[in-house]
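# Report on the structure
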Amino acid sequence: SATFAATGASCKSTGSVPVAETIKIDGGTYDGGCKTFNGTSALGDGSQGEAQKAYFRIMNGATLKNVIIGKNGADGIHSWYGGTLDNITWTDIGEDAFSVKKAGNVTLKNITGKAGEDKFIQQNAEGTITVTNCILDGAAKFYRQNGGKTFKTTINVSGCDISNLKEGVFRTDSPTSVASLKNSRIRNVPTICIGYAAGKCTSS
Ligand code: ADA
Ligand code: CA
Ligand code: CA
Ligand code: CA
């Protein structure tokens, strides 16, 4: 337990926007204005099927802020070559919520995710993920490095409130990957670190 109280994302919905194809943000900032983005069936059905599309793709250091992802989270939000998410809510996480698809560092701040089946954050390429002020309620894992991959990943999480996970917070198959959890509140979570080498995954 910690003294920090995570508040997560803070948008109250200002309206609804349909999303029929991935919105690509190549650099700069996209402000969603706290609208609720609702994926059509063209993105996917929010199941565990792997062929679904993302709502947004942030590219080359772009920032995406003030967005609510509506029911049917499809494949969430993707990062290509780094970027930032700020004030994002996943009301009903789909296949997963956020994925690093191409190498780069990402910052995730002021985020809230609910009702996931498997992963919240999926990392499929190199980089450091920094997460601050987050709430996750319901998933199997907070974070997963892509299964069977052995490149080094880094994830640092602080100021989060993580509850109701079926497996654990961090999972990797890489002997070089590292993870840290600080100043966070964890409830109904079986374990913190899965698959990490000795000393590579810490919780304080
Ligand atoms: C699973 C799947 C990968 C990839 C990943 C993802 O781990 O085995 O191939 O699709 O999910 O990015 O969602
Ligand atoms: Ca997946
Ligand atoms: Ca869900
Ligand atoms: Ca996925």
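One can find the structure itself at the top, above this paragraph.
In what follows, the accompanying structure is described. (Residues numbered from 1 in each chain as written. Chains lettered and ligands numbered in written order. Predicted model: local features only at pLDDT ≥ 70, side-chain atom pairs only at ≥ 80, totals over all residues. Heavy atoms only, no water.)

### Section: the overall build of the chain
Scanning the chain for helices and strands turns up zero helices and 16 strands. Expressed along its principal axes, the backbone C-alpha trace of the chain runs to roughly 45 × 35 × 30 Å. Burial analysis of the chain (204 residues in total) assigns 52% to the buried set. Long-range pairs, those at least 24 residues apart, make up 47% of the contacts in the chain between residues at least 6 apart in sequence. Per element, the accessible surface of the chain, about 8,400 Å² overall, is 47% carbon and sulfur. If the 22 positive side-chain charges of the chain are averaged to one point and the 17 negative ones to another, these points end up 4 Å apart. (Helix = DSSP H or I, 4+ residues; strand = E, 2+ residues; numbered from the N terminus. Buried < 20%, exposed > 50% of the residue type's maximum accessible area, 1.4 Å probe, protein only. Contact = heavy atoms within 4.5 Å. Areas by Shrake-Rupley, 256 points an atom, 1.4 Å probe, with all protein chains shown as cover. Lys, Arg positive; Asp, Glu negative; His and termini not counted. Charge placed at Lys NZ, Arg CZ, Asp CG, Glu CD.)

### Describing the coordination of the calcium ion (ligand 2)
Octahedral metal centres with six donors ideally show angles of 90 or 180 degrees, and tetrahedral centres with four donors ideally show 109.5 degrees. At this site the calcium ion (ligand 2) is bound by Glu50 (OE), Glu50 (OE), Glu95 (OE) and Glu95 (OE), with donor distances of 2.4 to 2.7 Å. Its six donor atoms give the calcium ion (ligand 2) angles of 50 to 158 degrees at the centre, a pattern that matches the irregular case. Between the calcium ion (ligand 2) and the calcium ion (ligand 4), a separation of 3.6 Å is found, and both are coordinated by Glu95. Here Glu50 is found in the loop between strand S3 (29–39) and strand S4 (56–59), whereas its partner Glu95 is found in the loop between strand S7 (83–90) and strand S8 (98–102), with 45 residues between them in sequence. By relative accessible area, Glu95 is classed as buried at 2%. (Donors = N, O, S within 2.8 Å, 3.2 Å for Na, K, Ca; no water. Tetrahedral: all angles 85-135°; square planar, octahedral: opposite > 155°, others 65-115°.)

### A short note on the nonpolar core
Ranked by size, the top nonpolar core spans 45 residues in total, and within it Trp90, Ile121, Val131, Phe142, Ile155 and Phe170 carry the most contacts. Those residues within four positions of Trp90 in sequence are excluded, and the remaining contacts are Ile69, Gly76, Ile77, Leu85, Ala97, Phe98, Ile111, Thr112, Gly113, Lys114 and Phe120. (Core = buried A, V, L, I, M, F, W, Y, C linked by side-chain atoms within 4.5 Å.)

### Side note on the site of ligand 1
If you check the shell around ligand 1, you find Glu50, Glu95, Asp96, Lys119, Gln122, Asn124 and Asn146 and nothing else. Asp96 is positioned with one of its side-chain polar atoms (N or O) 3.1 Å from an oxygen atom of ligand 1. With respect to ligand 1, the side chain of Asn124 contributes an N or O atom lying 2.9 Å from an oxygen atom. Protein coverage of the free-state accessible area of ligand 1, which is 310 Å², stands at 63%. In terms of residue class, the shell around ligand 1 is made up of no nonpolar, three polar and four charged. (Near = heavy atom within 4 Å. Polar contact = N/O pair within 3.5 Å; in protein donor to acceptor, adjacent residues only side chain to side chain. Nonpolar A, V, L, I, M, F, W, Y, C, P; charged D, E, K, R; others polar.)

### Considering the state of the cysteines
A disulfide bridge is the covalent bond that connects two cysteines by way of their sulfur atoms. Tallied over the entire structure, the rule returns three disulfides. Paired by a disulfide, Cys11 and Cys34 hold their sulfur atoms 2.0 Å apart. Classification of the bridge connecting Cys11 and Cys34 rests on its S-S torsion, roughly -65 degrees, and on that basis the disulfide is left-handed. On the criterion of sequence distance, the pair formed by Cys11 in the segment before strand S1 (16–19) and Cys34 in strand S3 is long-range, its members being 23 residues apart. Residue Cys11 is classed as buried on the basis of its relative accessible area of 15%. Cys193 shares a disulfide with Cys201; S-S distance 2.0 Å. Disulfide Cys193-Cys201: the torsion about the S-S bond is -75 degrees, which places it as left-handed. Look at Cys193 and you get partly exposed, because its relative accessible area is 29%. By sequence order of its bonded cysteines, the chain has the disulfide arrangement 1-2, 3-4, 5-6. (Disulfide = S-S within 2.5 Å.)

### Thoughts on the packing of aromatic side chains
Within the structure shown, the criterion is met by eight aromatic pairs. Judged by centre distance (6.5 Å) and plane angle (85 degrees), the rings of Phe142 and Phe170 are edge-to-face. One end of the pair, Phe142, is in strand S11 (residues 127–145); the other, Phe170, is in strand S12 (residues 153–171), and 28 residues separate them in sequence. The burial state of Phe142 is the same as that of Phe170; both residues are buried. (Phe/Tyr/Trp six-rings, centres within 6.5 Å; stacked < 30°, edge-to-face > 60°.)

### Notes on the coordination of the calcium ion (ligand 4)
With distances of 2.3 to 3.1 Å, the protein atoms coordinating the calcium ion (ligand 4) are Asp75 (OD), Asp75 (OD), Glu95 (OE), Asp96 (OD) and Asp96 (OD). Read in sequence order, the donor residues for the calcium ion (ligand 4) give the motif D-x19-E-D.

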